[in-house]
Structures are given as C-alpha cells and as structure tokens.
Amino acid sequence: MALTRTRNRTRDRVPAKSAAPREESLLAQRFALFAECLLTGVWIALASLPLVTYPAAFAAGSRHLRRRTAHEGGGWREFVADFRAAVRGGWLVGLAGWAALAAVWVDVLAVRAGIPGGPLVGAIGVLALIGAVVAGLRAAALWRPGTTWRALLGAAVRRTVLDPAGSFLLVGGLAVVVCSAWFVAPLAVPVLGAVAAAALAVEERHRRRR
C-alpha cells in the first residue's frame, strides 16, 4: 500500500505534457500572405500620395513583404523607416517617371492629330513606358538600405530585357491594377500590394534560374 501511494504521489507531481502548438495549414498561411499583400497595397498608396514618392513606396512595400515571407518581424514602423531611406534618391526616379509619362502623352496627342509617323512613334513610346515601369518595379523589389537607385535601375533594365517571361508577368499584374481602377477605382489600392508581391516572385524566379 505504501508503495502504491508513493507511485500515485509521484504521478501527481509529474506535470502534464503541454500540447504542441498547432501549425497553420498551408491554406491559412497563403490567405494570411494574401491579406498582408492587400494591406501593403494600402500602405503603398498612402506613401505615394506626394506623387514623386511611388518608387520609394514600392521599395518599402516590397521589403515589408520580403520580411513577411521570411517570417521576420516588422510592421508599419519598419515600413516607414524603409520608405524614408528609399525616398532620398527615389523621388528623382519618381520625377523622371512622370516626365516619361508626359512625353508619351505628347506622342499620343501627335497620333490623334494625324501627324505623319505619329502611330509608330506613339507605339514605341508606349512600349518604352511599359518597359520602364517594369524595370522600376524590378528595381524596387531588390531595394535595400544603402543601395543606390542608379545601380538598381541599371541592373533591372538588363533583367527586363533578358527575362521577358518575368517581365510579361509584371505587365499582367499592371493590367489587373488598370482593370480594377477602371471598374471600381478603390480596388486598385489594395491590388498594388499584389503587384509588389509579383515583382518579388519574378525576381526570386530569376535568381533561381541563374
């Protein structure tokens, strides 16, 4: 009897094993990442309100999503810190982008006016603008504090030409943003985060193929 009581007391003293934490299912993880992309799109839209800051906004958004996929911490404060670092040289890139858009708009007006050679010039201008936007997105996807936009854009232009499949994927993402804005303008805001995620995926795909 004494031995039995001792065993019972020993069992009572042994703490019960804590239940192992449940891991999220793959579907839950993907849905959480999708929701994070939509939230990041809102952040990108807010940071782009000064008009010339959109390259820095995409750079900060891409870096935030990169941390999220790597299961690292980070939120709005880290996004703002990255945005401040990226905007130092990024606003010049944003200004150049608006200048390129104005030049293409002039070409479109020339096409409408029926100027000889206008359609060809207009088509070349539109294609060049799309290529510039894709290169800008690819550059923003690889931005890190301390990197220069000049170096990023130079390498991004080469990748845009040498990786046409990835570039076409980004063009498709941009088309989704345009269509969303066409049908329901507010939908284009969260979709911006999905475009940043697509740029990250394209760059990761290109890195693995090298």
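Please read these numbers as outputs of a predicted model, since none were measured by experiment.

**Here's the deal with the UniProt feature "transmembrane region" (unreviewed entry) in the chain**
Mapped onto the present numbering, the UniProt feature "transmembrane region" (unreviewed entry) falls on residues 31-52, 89-108, 120-143 and 168-201. When the span residues 31-52 is considered, its composition is 77% helix and 0% strand, and the gap between its end C-alpha atoms is 32 Å.

**Some thoughts on the packing of aromatic side chains**
With the rule as written, the count across this model stands at four aromatic pairs. With a centroid separation of 5.4 Å and 70° between ring planes, the pair formed by tryptophan 43 and tryptophan 76 is classed as edge-to-face. Of this pair, tryptophan 43 sits in helix H2 (residues 26-47) while tryptophan 76 is found in helix H4 (residues 76-112), placing the two residues 33 residues apart along the sequence. Judged by its relative accessible area of 43%, tryptophan 76 falls in the partly exposed class.

**Regarding the side chain of threonine 53**
Looking at the element boundaries, threonine 53 is found in the loop between H2 and helix H3 (54-69). Among the residues examined, threonine 53 registers a relative accessible area of 7% and is labelled buried.

**Digging into the pattern of salt bridges**
When charged atoms on two side chains of opposite charge get close, those side chains can pair. For the structure shown, the criterion picks out eight salt bridges. Note that aspartate 163 is salt-bridged to arginine 138, the shortest N-O span being 3.0 Å. Placement of aspartate 163 in the loop between helix H6 (149-162) and helix H7 (164-183) and of arginine 138 in helix H5 (residues 118-141) is noted, with a sequence separation of 25 residues between them. The closest approach of N and O atoms between aspartate 163 and arginine 205, which form a salt bridge, is 3.1 Å.

Criteria and thresholds
- Residues numbered from 1 in each chain as written.
- Predicted model: local features only at pLDDT ≥ 70, side-chain atom pairs only at ≥ 80, totals over all residues.
- Heavy atoms only, no water.
- UniProt positions renumbered as here; feature names shortened; annotations may be inferred.
- Helix = DSSP H or I, 4+ residues; strand = E, 2+ residues; numbered from the N terminus.
- Phe/Tyr/Trp six-rings, centres within 6.5 Å; stacked < 30°, edge-to-face > 60°.
- Buried < 20%, exposed > 50% of the residue type's maximum accessible area, 1.4 Å probe, protein only.
- Salt bridge = Lys/Arg side-chain N within 4 Å of Asp/Glu carboxyl O.

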